[in-house]
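# Structural overview
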Amino acid sequence: QQQVKQSPQSLIVQKGGISIINCAYENTAFDYFPWYQQFPGKGPALLIAIRPDVSEKKEGRFTISFNKSAKQFSLHIMDSQPGDSATYFCAASPNFGNEKLTFGTGTRLTIIP
Amino acid sequence: GAVVSQHPSWVICKSGTSVKIECRSLDFQATTMFWYRQFPKQSLMLMATSNEGSKATYEQGVEKDKFLINHASLTLSTLTVTSAHPEDSSFYICSGAGPSRGYTFGSGTRLTVV
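Now for a quick tour of the structure. (Residues numbered from 1 in each chain as written. Chains lettered and ligands numbered in written order. Predicted model: local features only at pLDDT ≥ 70, side-chain atom pairs only at ≥ 80, totals over all residues. Heavy atoms only, no water.)

### Let's talk about the packing of aromatic side chains
We describe a pair of aromatic rings using the distance from one ring centre to the other and the angle between the two ring planes. In this structure the tally under the stated criterion is 20 aromatic pairs over all chains. The interplanar angle of 70° and the centroid separation of 4.6 Å between the aromatic rings of A:Y32 and A:F96 together place this pair among those described as edge-to-face. Here A:Y32 is found in the loop between β3 (19–25) and β4 (33–38), whereas its partner A:F96 is found in the loop between β9 (86–92) and β10 (102–103), with 64 residues between them in sequence. Ring geometry for A:Y36 and B:F105: centres 5.1 Å apart, planes at 75°, overall edge-to-face. Of this pair, A:Y36 sits in strand β4 while B:F105 is found in strand β10 (residues 102–105), placing the two residues in two different chains. For the pair A:Y36 and B:F105, one class covers both residues: buried. The ring of A:F96 is capped by A:R51, whose NZ or CZ atom sits 4.6 Å from the centre of that ring. (Phe/Tyr/Trp six-rings, centres within 6.5 Å; stacked < 30°, edge-to-face > 60°. Helix = DSSP H or I, 4+ residues; strand = E, 2+ residues; numbered from the N terminus. Buried < 20%, exposed > 50% of the residue type's maximum accessible area, 1.4 Å probe, protein only. Lys NZ or Arg CZ within 6 Å of the ring centre and 35° of its normal.)

Below is the structure:
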């Protein structure tokens, strides 16, 4: 019940296209859903996060869509750029800042010219 | 924004020796520090959770006598890998957290045991 399932495992998108990564969870106690970007040899960096009281959050080219009833959330990267090539992890926590994050398995995104 | 400084960024040690990894929260008080381990092309695996002044809580399967965690203050936590062996080679990442701050990750430490 603690799992967060992430797909796809890898994704190749053309420059300028839309990258979409999906996550699903089971634990209805989760109330914080962040997305992290990680480059090789670096720690994860927070990209964008959402709480279950909203269905969408947009920050620049990055959008989280959240479907509480389906227990799913997704990351959309608009106008994908080669610099977006990285590994992306979704995560979830039942208590923001107090309890552990449960991570998805990661998506390796490659943006090609 | 919040910063967690993690050192060293990489370390090579001989089998049987101990290695200490340090994480400092520079501009906030981390009431909780999470320690993760990450193998190549895999997700982050939580090793333990520590609260300032308390003993760490280890995840199932993580040897607490091998991975010693100290959270002596709200700004400093350390992970010591004791009697390191080649199978301990991995990427170790800390994350400082607080109720109003969320989670801030360190830059990671690449440990290679030879």
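From this point, the narrative continues.
### Notes on the pattern of salt bridges
All names here are of chain B. The full count for this structure, using the stated rule, is six salt bridges over all chains. The shortest N-O distance in the salt bridge between K66 and D88 comes to 2.9 Å. Residue K66 is located in the loop between β6 (57–58) and β7 (67–73), and its partner D88 is located in the loop between β8 (76–81) and β9 (90–98); the two are separated by 22 residues in the primary sequence. With a relative accessible area of 12%, K66 lands in the buried category. By relative accessible area, D88 is classed as buried at 4%. (Salt bridge = Lys/Arg side-chain N within 4 Å of Asp/Glu carboxyl O.)

### Focus: the interface of chain B and chain A
Contacts between the two partners involve 22 residues from chain B and, on the opposite side, 20 residues from chain A. Note on chain B versus chain A: buried area summed over both sides is about 1500 Å², and carbon and sulfur give 58% of it. When residues of chain B are sorted by the area they lose upon contact with chain A, B:S43, B:Y103 and B:F105 head the list and together hold 36% of the total. The interface formed by chain B and chain A contains one salt bridge. Of the charged contacts in the structure, one is a salt bridge between A:K100 and B:E59, with a shortest N-O distance of 3.3 Å. At the junction of chain B with chain A, the criterion picks out eight residue pairs in polar contact (both at pLDDT 80 or more). The set of elements that each furnish at least two residues to the side of chain B that touches chain A consists of β4 (32–38), β5 (44–51), β9 and β10 of chain B. Here the residues of the side of chain B that touches chain A are counted per class, giving ten nonpolar, nine polar and three charged. (Contact = heavy atoms within 4.5 Å. Buried area = accessible area lost by both parts, 1.4 Å probe. Polar contact = N/O pair within 3.5 Å; in protein donor to acceptor, adjacent residues only side chain to side chain. Nonpolar A, V, L, I, M, F, W, Y, C, P; charged D, E, K, R; others polar.)

### Side note on the sheet that holds strand β1 (residues 4–7) of chain A
Residue and element names in this part refer to chain A. Read across the sheet, five strands follow the order β1-β3-β8-β7-β6 without closing on themselves; strand pairing throughout is antiparallel. Sheet topology places β1 and β6 (56–59) at the edges, where each strand pairs with a single neighbour. Here the strands of the sheet are splayed against their neighbours by 15° on average, with no regard to which way each runs. The pairing of strand β7 (residues 62–67) with strand β8 (residues 72–77) spans six bridges and is antiparallel. The residue bridging T63 from the neighbouring strand is H76, located in β8. (Pairing = 2+ DSSP bridges. Axes fitted to C-alpha atoms, helices over the stretch in contact; angles between N-to-C directions.)

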